[in-house]
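Spelled out, the chains give:
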Amino acid sequence: MIFDKILQIYDKYYICSHCLGRMFSLLASQTTNQKRGESLLLSLTMENHRAFLSNNNQEQETSIINLKLLAEKAKFLPAQSVLKIEGIEFKIANIDQPCYLCNNIFLDIEPYGKEGVAFLAEIEFNNFLIGSTPESQIINREDRFKSEFGLIEAESFKSHFNRVVGKSLTYKLNKPPEFNNPDLLIIYHIGYDSFNIKLTIKSLFIFGRYNKLMRGIPQTHWYCQKCMGKGCELCNFTGKQYLISVEELVNPEFMKESHATDSKFHGAGREDIDVRMLGRGRPFILELRNPKIRKLDLLKIESKTNKGNKKRVRIQNLRYSNKKEVINLKSEAKNTRKVYKSLVLSDGKLSKEEFNVKLRELKSSIEDQEIHQRTPNRVSHRRADKIRGKLVYKIDGKYVKPNLFEFKIQTQGGTYIKELINGDNGRTSPSFSEVFKMPLLCKELDVLEILI
Ligand SMILES: [Zn+2]
Ligand SMILES: [Zn+2]
């Protein structure tokens, strides 16, 4: 019986009506915990008032004990008023005694909303979610309390707190809560006497395509292999293996405009450091972490980035993206087709006619065929040593000089083009060198197109 439990509770502890309601939160809906608590105390007062007015002596005696308990220990005004009207004396031992369970947190939730709003003043967002981590003291006390009185219909302190503060913030900020993928996660660390707020801001993802117009820069920054970023003599105390990267040329304007704390560059595959990326460019997604500004002028960022990086890097087709697209970008990289242009140096000399004969041979033995590539030595430190089958779709060749040729090659993403040309000591087969029956060397390589 609920009423008996409530009398037992107040015989031992004072708790506020919010906390009383929370202990029975699973019962009845479309109401608040405070209303639940108030209604329970009011019903209890009414029932005992009825008993007091009855002609049954025993009922009357019990009702006076109960009404006094409600007036003195639950500090419930309607019960105090009944006793006053009936001329029964009562004494409230400790009028300022705070709620045993929440230390009056739920009686004045305003500071939590107010500080929350102040905390978010400089941040741009569309929606949010409230979370909380009450100190273990609060949780443990509440757990012991529930088991002491066998309360099994209670709601947790946390979800009660999150809901009331969430409501207050929704109203103050005029922004909706978002439960699945909020722009902001606002976490309240709550103690009995103090609290603080921590914020997690959802990353902002920007899709674009980049051209790398010069050779010799990696896509993302590499730490110095000797000092791993700490700075040493080898890297001139920069901590970096290469002075600059596509990532570092692209991200400054985004960082500046979004006020992010950090960024990560996700490319749809990557070209070698000495390979240019031409044509429509390679898709990438820039992840901006903890951005204070979410609405960016992408055209302005694009033009400023391009102006500052003439002949080095160019970006285009910027638009907003999301985490899911990053995952797709990575997994689809190997399903793409790529078109390369390569300048190839041969060991021996060929006449134009000899070259054309070899080119025909090359087309018939490699075009639309699967070639087999064992992981090249030069990358074996970061990729598993195994044999991969790759499709070569199309080869076009142009005679430049007796020992210099130009090829346009369309292949499946992930093909090692330099090795397709030089054969990598038989690790790639068939190869251009194998078909030409002479050592060939890829001197320059450009990615012309990435087809998805
Ligand atoms: Zn309370
Ligand atoms: Zn170093």
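Residues numbered from 1 in each chain as written. Chains lettered and ligands numbered in written order. Predicted model: local features only at pLDDT ≥ 70, side-chain atom pairs only at ≥ 80, totals over all residues.

**With respect to the packing of helix H3 (residues 33–53) against helix H4 (residues 57–72)**
Stage number 1. Contact geometry of H3 with H4 gives a least axis separation of 8 Å together with a crossing angle of 150 degrees. Considered as vectors, H3 and H4 are oriented roughly antiparallel to each other. Between H3 and H4 lies a crossing whose hand is left-handed. Of H4, the residues touching H3 (which contributes Leu 41, Leu 44, Thr 45, Asn 48, Ala 51 and Phe 52) are Glu 59, Gln 60, Thr 62, Ser 63, Ile 64, Asn 66, Leu 67 and Leu 70.
Stage number 2. By residue class, the composition of the contact of H3 with H4 is seven nonpolar, six polar and one charged. (Axes fitted to C-alpha atoms, helices over the stretch in contact; angles between N-to-C directions. Helix = DSSP H or I, 4+ residues; strand = E, 2+ residues; numbered from the N terminus. Parallel < 35°, antiparallel > 145°, perpendicular 65-115°, else oblique. Left-handed = near helix turned anticlockwise from the far one by under 90°. Contact = placed C-beta atoms within 7 Å. Nonpolar A, V, L, I, M, F, W, Y, C, P; charged D, E, K, R; others polar.)

**Structural notes on the environment of Pro 291**
Stage number 1. Looking at where Pro 291 falls in the secondary structure, it is placed in the loop between strand E6 (275–289) and helix H10 (298–308).
Stage number 2. Taking the number of C-beta atoms within 10 Å as the measure of exposure, Pro 291 has 26 and is therefore buried.
Stage number 3. With 166 residues separating them in the primary sequence, Pro 291 and Phe 125 have C-alpha atoms 9.5 Å apart.
Stage number 4. The residues touching Pro 291, leaving out its near neighbours within four places in the chain, are Ile 201, Leu 204, Ser 258, His 259 and Ala 260. (Buried ≥ 20, exposed ≤ 12 C-beta atoms within 10 Å, placed from the backbone.)

**Concerning the sheet that holds strand E3 (residues 195–201)**
Sheet strands associate in pairs through backbone hydrogen bonding, adopting either a parallel or an antiparallel arrangement.
Stage number 1. One open sheet accounts for three strands, arranged E1-E2-E3; its pairing is mixed. Each having just a single partner strand, strand E1 (128–134) and E3 make up the two edges of the open sheet. In this sheet, neighbouring strand axes are inclined to one another by 20 degrees on average, regardless of whether the strands run parallel or antiparallel.
Stage number 2. Bridging between E1 and strand E2 (residues 184–190) involves seven bridges; their strand directions are parallel. Bridge pairing in E2 links Ile 130 to Ile 186. (Pairing = 2+ DSSP bridges.)

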